[in-house]
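Chain and residue survey
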Amino acid sequence: MDLQTLANLAQVVSALAVVAAVVFGLVQIRQFRLQRRDTAGVELVRSFLDAQFTQSYRLITSLPADASAEQLRAGDVAMEDAALIIGMRYEAIGLLVYRGILPLSLVSKLIGGVGIDLWSRIRAWAAGRREKQSREHFLEWFQWLVEQVERRGRSTEPPAYLEHRGWNPPAE
């Protein structure tokens, strides 16, 4: 083999190494995104497993669906605090979905039905606060999230225990 042939071979090997590095980098980026999504899903579950949220959930679900703002305010400051706690939690989740950090499909299945129900109970109160305080952005992402979940048909889907009754776990 002469020197020119070796130089050409080295260029081919170099080009293949660059291509392999780019492919490896793209695979790593994809893996990172999947890991970030999975981590966000776990954190989403954790955010609903605290006493503050549980107490707020109990208070808000004691209201009728489509409760008026007056009905919510009649529950004293604890009821409004509960609405704020729930609203802010869903507000953050809505923004994370919009930014693509949390997949809407996951949020819809995990907390979408509950979100629709909770929003129906605090919607009038939130609208009243927007108007009274000239804060059109109050709980905007909570409302947006519920609208997206409803648009996907979550409220008409059968519950998981019926829809997936025949489910078998994947092989380990």
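Residues numbered from 1 in each chain as written. Predicted model: local features only at pLDDT ≥ 70, side-chain atom pairs only at ≥ 80, totals over all residues. Heavy atoms only, no water.

Re the nonpolar core
Quick note on the threshold: Here, nonpolar core refers to any group of buried Ala, Val, Leu, Ile, Met, Phe, Trp, Tyr and Cys residues whose side-chain atoms link them within 4.5 Å. Between buried and exposed lies partly exposed: a residue is buried under 20% and exposed over 50% of the maximum accessible area for its type, with that area taken using a 1.4 Å probe on protein chains only. Under the DSSP-based scheme used, a helix requires at least four consecutive residues in state H or I and a strand at least two consecutive residues in state E, with every element numbered from the N terminus. Whether two residues touch is decided by their heavy atoms; if any such pair falls within 4.5 Å, the residues are in contact.
Ile60, Ile122, Trp125 and Phe142 are the most contacted members of the largest nonpolar core, which has 31 residues in total. Elements represented by at least two residues in this core include exactly α1 (3-47), α2 (51-61), α3 (69-73), α4 (76-98), α5 (104-132) and α6 (140-151). Ranked by the residues each element gives to this core, the list is headed by α5, at 9 residues. Those residues in contact with Ile122, other than ones at most four positions away along the chain, are Ile60, Leu72, Ala83, Leu139 and Phe142.

Brief notes about the packing of α1 against α5
The line we're drawing: To define axes, lines are fitted to C-alpha atoms, for helices over the stretch in contact only, and angles between the resulting N-to-C directions are given on a 0 to 180 degree scale. By the definition adopted for this analysis, an angle is roughly parallel if under 35 degrees, roughly antiparallel if over 145, roughly perpendicular if from 65 to 115, and oblique otherwise. By the definition used in this description, the sense in which the near helix is turned from the far one sets the handedness, with an anticlockwise turn below a right angle giving left-handed and a clockwise turn giving right-handed.
Two elements in contact, α1 and α5, have axes separated by 11 Å at closest approach and are oriented at 20°. Put simply, α1 runs roughly parallel to α5. Seen from above, α1 lies across α5 with right-handed handedness. Between α1, through Gly41, Leu44 and Val45, and α5, the contact on the second element is made entirely by Leu106, Val107, Leu110 and Ile111.

Description of the packing of aromatic side chains
For clarity, the cut-off: Only the six-membered ring of Trp is used, alongside the rings of Phe and Tyr, when aromatic pairs are assigned; centres must lie within 6.5 Å, and planes under 30 degrees apart are stacked while those over 60 apart are edge-to-face, with the rest tilted.
Taken as a whole and judged by the stated rule, the model has 7 aromatic pairs. When the centroid spacing of 5.8 Å and the interplanar angle of 85° are considered together, the rings of Tyr98 and Trp144 count as edge-to-face. Here Trp144 lies in helix α6 and Tyr98 lies in helix α4, a separation of 46 residues in the sequence. Judged by relative accessible area, Tyr98 falls into the exposed class, the value being 52%. Using a relative accessible area of 23% as the deciding quantity, one classes Trp144 as partly exposed. Arranged with centres 4.9 Å apart and planes meeting at 65°, the rings of Trp119 and Phe142 form a pair that is edge-to-face. Residue Trp119 is found in helix α5, and its partner Phe142 is found in helix α6; the two are separated by 23 residues along the sequence.

Topic: a nonpolar patch on the surface
Note the threshold: A patch consists of residues exposed above 30% relative accessible area that lack any salt bridge, with like charges linked at up to 9 Å and nonpolar side chains (Val, Leu, Ile, Met, Phe, Trp, Tyr) linked at up to 5 Å. Working definition of accessibility: Shrake-Rupley area with a 1.4 Å probe, residue cover restricted to the visible protein chains. The working definition used for a salt bridge is a side-chain nitrogen of Lys or Arg within 4 Å of a carboxyl oxygen of Asp or Glu.
On the surface, Met1, Leu3, Leu6, Leu9 and Val13 cluster together to form a nonpolar patch covering roughly 570 Å² of accessible area. Tracing the backbone through its elements, the reader meets Met1 in the segment before α1.

So, the environment of Ser134
Relative to the elements of secondary structure, Ser134 occurs in the loop between α5 and α6. By relative accessible area, Ser134 is classed as exposed at 67%. Along the sequence, Ser134 and Val23 sit 111 residues apart, while their C-alpha atoms lie 52 Å from each other.

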